[in-house]
Amino acid sequence: MQRNQRMFWLSVLGFSSIIYMVVALSKFRPNNVPIFPPPETEETSVCSTSTLATTTTPTIFFITPTYPRREQVAELTRLGQTLLLAGNVHWVVAEDSDTCSPLVAALLTRLGLPYTHITSPQPNIYKEAKLKYNPRGVSSRRAGLSWVMEHQPEGVIYFGDDDNTYDIRLFKEIATTKQVSMFPVGFIGIQGVSSPIVIDGKVVGFSDDWFAQRKFPVDMAGFAVNLEFLRSRNKKANRAMPYKAGYEEDVFLQNLNLTLEDIEPMASDCTEVLVWHTKTVKEK
Ligand code: UGA
Ligand code: MN
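I will try to describe carefully the structure that is included in this document. Here the structure is a predicted model, which is why all the values come from computation and not from measurement.

Rules and cut-offs
Residues numbered from 1 in each chain as written. Chains lettered and ligands numbered in written order. Predicted model: local features only at pLDDT ≥ 70, side-chain atom pairs only at ≥ 80, totals over all residues. Heavy atoms only, no water. Near = heavy atom within 4 Å. Polar contact = N/O pair within 3.5 Å; in protein donor to acceptor, adjacent residues only side chain to side chain. Areas by Shrake-Rupley, 256 points an atom, 1.4 Å probe, with all protein chains shown as cover. Donors = N, O, S within 2.8 Å, 3.2 Å for Na, K, Ca; no water. Helix = DSSP H or I, 4+ residues; strand = E, 2+ residues; numbered from the N terminus. Expected span 1.5 Å × (residues − 1). Buried < 20%, exposed > 50% of the residue type's maximum accessible area, 1.4 Å probe, protein only. Contact = heavy atoms within 4.5 Å. Salt bridge = Lys/Arg side-chain N within 4 Å of Asp/Glu carboxyl O. Arc of directions from axis to C-beta. Pairing = 2+ DSSP bridges. Axes fitted to C-alpha atoms, helices over the stretch in contact; angles between N-to-C directions.

Looking at the site of ligand 1
By nearness alone, 19 residues border ligand 1, and Pro65, Asp96, Arg136, Asp163 and His277 come closest of all. In this structure, an oxygen atom belonging to ligand 1 sits 2.9 Å away from a side-chain N or O atom of Glu248. At 3.1 Å from an oxygen atom of ligand 1 is found a side-chain nitrogen or oxygen belonging to Lys279. Starting from 690 Å² of accessible surface for ligand 1 in isolation, the protein chains cover 88%.

Following this line, the structure appears as structure tokens:
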């Protein structure tokens, strides 16, 4: 009996060690997914687009990734009402979903902003890869940018997540973007602010919570790009946003062959915070 018991516990121990090894090894499994998806894996469709024009020019194409969840409509209501105050925004809302949300569609119609509503689910290759850090909002930015590049001759592009906080003064600033403008973003990591460092009106470096050998350690909310400049630097810029968590901004900007000299500092030489990387607490 005692011998049987010992055998039992030994087998339990052996079995758990094997399980532990399998789990631990899977953490180190290399991710064999490309950072740029094969074109046939991307699927975008336009739910609807308004023919309204903005009241002032140039138009800012504010590209917002969003996805279905409890907080979605609350976030988009707050953001949409901010954008109404700006006057020069065409809102490109791109859903990480297979279907056009009727709640989002109703909100867009109700607001009366110029808008384009599209769906652009994350390709299955990334979902199936179960990446440790899943890049968020990439399919939406790629689809939104594709739509703008295909349908709009000129304007300014800005990638605005649905949960950030935007001061309406930001829109006047970024409307003047001739190439790539940059400005501080509040609440990044443990730092109160992430910002380009400006000396004598020129960007000479960056201050950020996380450098990781990035040439442009900036947040997605910290820059805007002129559409003509974008086309002149990379006609396929719509394919330049990578599926690489944490490196989306850097890879995208490097794909425009950007140099520090090209950057136009905004927000009074980057001394003012006009956008914050706020997060909404999620209820499980
Ligand atoms: C930070 C950056 O601010 C993002 O620009 C960047 O895409 C992201 O990290 C990343 O590298 O993954 P964070 O606040 O941590 O963003 O992430 P979320 O706010 O949860 O997501 C960013 C955007 O993607 C949001 O607009 C969100 O609605 C959207 N999203 C999120 C999706 O479209 N699908 C998802 O499954 C999750
Ligand atoms: Mn966020």
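Focus on the coordination of the manganese ion (ligand 2)
Donor atoms from the polypeptide that bind the manganese ion (ligand 2) are Asp163 (OD) and Asp163 (OD), placed at 2.1 to 2.7 Å. Looking at the secondary structure, you find Asp163 in the loop between strand S5 (156-159) and strand S6 (165-166).

Quick word on helix H5 (residues 138-151)
When the terminal C-alpha atoms of H5 are compared, their 20 Å separation across 14 residues agrees well with the 20 Å that a helix rising 1.5 Å per residue should span. Counting buried positions along H5 yields eleven of 14 residues, so the element is predominantly enclosed. Restricting attention to buried positions, one finds in H5 the residues Val138, Ser139, Ser140, Arg141, Arg142, Ala143, Gly144, Leu145, Trp147, Val148 and Met149.

Some words on the environment of Ile118
Along the polypeptide, Ile118 turns up in strand S4 (residues 115-119). Ile118 sits in the buried class, given a relative accessible area of 0%. Note: C-alpha distance between Ile118 and Thr56 (62 residues apart in sequence) is 24 Å. With residues up to four places along the chain from it excluded, the contact list for Ile118 reads Thr44, Ser45, Val46, Cys47, Val92, Val93, Ala94, Glu95, Ala143 and Gly144.

Some thoughts on the pattern of salt bridges
Tallied over the entire structure, the rule returns ten salt bridges. Between Glu42 and Arg239 there is a salt bridge whose closest N-O contact spans 2.9 Å. With a gap of 197 residues between them, Glu42 in the loop between helix H1 (2-27) and strand S1 (45-49) and Arg239 in the loop between helix H7 (227-233) and helix H8 (248-254) connect regions that are remote in the sequence. Arg239 sits in the partly exposed class, given a relative accessible area of 28%. In this structure, Arg214 engages Asp208 in a salt bridge whose closest nitrogen and oxygen atoms are separated by 3.2 Å. Here Arg214 matches Asp208 in class, with each residue buried.

Some points on helix H3 (residues 102-111)
One turn of an α-helix holds 3.6 residues; hence residues three or four places apart share an orientation. Those residues of H3 that fall on the buried side of the exposure criterion are Val104, Leu107, Leu108 and Leu111. Considered in projection along H3, the buried side chains sweep an arc of 95° and stay on one side of the axis. Of the residues in H3, the exposed ones pointing more than 90 degrees away from the buried face are Pro102, Thr109 and Arg110. In the core, the buried residues of H3 are packed alongside helix H2 (72-86), strand S3 (89-95) and S4. At the N-terminal end of H3, a side-chain oxygen is found 3.2 Å from the backbone nitrogen of Leu103, two or three residues along, and the residue is Ser101.

Some thoughts on the side chain of Ser120
As for its placement among the helices and strands, Ser120 is situated in the loop between S4 and helix H4 (124-129). Here Ser120 is in contact with Glu43, Thr44, Ala94, Glu95, Asp96, Ser97, Ser139, Ser140 and Ala143, once residues within four sequence places are set aside.

What to know about the environment of Lys202
Inspection of the secondary structure assignment puts Lys202 in strand S10 (residues 202-207). Along the chain, Lys202 and His90 lie 112 residues apart, while their C-alpha atoms are 30 Å from each other.

Concerning the side chain of Arg214
As for its position among the elements, Arg214 is in the loop between S10 and strand S11 (223-226). Under the relative-accessibility criterion, Arg214 is labelled buried at 9%. A polar contact is formed between the side chain of Arg214 and the side chain of Asp208, at a distance of 3.2 Å. A distance of 2.6 Å separates a polar side-chain atom of Arg214 from the backbone oxygen of Trp210.

Thoughts on the sheet that holds strand S2 (residues 60-66)
Read from one edge of the open sheet, eight strands run S1-S4-S3-S2-S5-S11-S7-S12, paired in mixed fashion. Bordering the open sheet on either side are S1 and strand S12 (263-265), each of which pairs with just one other strand. On average, each strand axis in the sheet is inclined to that of its neighbour by 25°, with strand direction left out of account. Summarising the sheet, S2 and S3 pair through seven bridges and their orientation is parallel. Looking across to S3, one finds that Thr66 is bridged to Glu95.

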